[in-house]
Amino acid sequence: MEQARQATTPYDLVGGMPVVEKIVNRFYDLLEENPVYAELRALHAPDLAPMRSSLSGFLAAWLGGPRDWFSDNPGKCMMSAHRDIKMNAEVGQQWVNAMASAIADSPVEPELGGKMADALGDLARSMATRN
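Here the residue numbers are simple positions, counted from 1 along each chain's written sequence. Given that the model is predicted, a residue must reach a pLDDT of at least 70 before its local features are reported, and side-chain atom pairs must reach 80 or more before they are shown or counted; all residues, however, enter totals for whole chains, interfaces and linings. The side-chain figures draw on all heavy atoms in the structure; neither hydrogens nor water molecules are used.

A. The arrangement of the side chain of histidine 44 in detail. In this text, helices come from DSSP runs of H or I with a minimum length of four residues, and strands from runs of E with a minimum of two, each type numbered from the N-terminal end. Along the chain, the position of histidine 44 falls in the loop between helix H3 (38-42) and helix H4 (49-62). With a relative accessible area of 18%, histidine 44 lands in the buried category. Contact between two residues is taken to exist if any of their heavy atoms lie within 4.5 Å; hydrogens are not considered. Sequence-distant contacts of histidine 44, defined by excluding residues within four places in its chain, comprise Tyr28, Leu31 and Met51. Summary of the burial criterion: residues with accessible area below 20% of their type's maximum are buried, those above 50% are exposed, and those between are partly exposed, where the area comes from a 1.4 Å probe applied to protein chains only.

B. Molecular detail of the side chain of arginine 41. With respect to the helices and strands, the residue arginine 41 is situated in helix H3. Non-local contacts of arginine 41, meaning those with residues more than four positions away in its chain, are made with Leu31, Glu32, Pro46 and Leu48.

C. Up close: the packing of aromatic side chains. Ring geometry is summarised as follows: Phe, Tyr and Trp rings, the Trp one being its six-membered ring, pair when their centres sit within 6.5 Å, and such pairs are stacked at plane angles under 30 degrees, edge-to-face over 60 and tilted between the two. Following the criterion strictly, the structure yields five aromatic pairs and no others. Between phenylalanine 27 and tyrosine 28 the ring centres are 4.8 Å apart and the planes differ by 80 degrees, which places this aromatic pair in the edge-to-face class. Owing to a relative accessible area of 3%, tyrosine 28 belongs among the buried residues under this scheme. Residues phenylalanine 58 and tryptophan 69 carry aromatic rings whose centres are separated by 5.3 Å and whose planes lie at 75 degrees to one another, so their mutual orientation is edge-to-face. Residue phenylalanine 58 is found in helix H4, and its partner tryptophan 69 is found in helix H5 (residues 68-72); the two are separated by eleven residues along the sequence. The same class applies to phenylalanine 58 and to tryptophan 69, which are both buried. Grouped by ring-pair contacts, the aromatic residues Phe27, Tyr28 and Trp95 constitute a single cluster.

Written out as structure tokens, the structure reads:
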């Protein structure tokens, strides 16, 4: 009897939720530790725990893993979730740089990590408003 073949998702390739959480935690640690990200950090609430959880859930779903974030946030996407945040191109680039650094510091294979950082960078840049 032939077993059904399951597709391997980017979520599986990066290492699943443990690695997604490492990336997200490193991202927010960079915002808290490095003054180069001060403007981006200032857009967030003092307590980053809810954001760490939310971004982990979103990235897991975005990578093809559990889609709980979308179930928990019906009708939302990253664009609508950030609609009221005034993020200029410079702050958008801070997000891109911090996320690229967090991915590079993770155990994700570098080629896949680069593609992931590029795609997330495009998303972040599209959310930045031109001031």
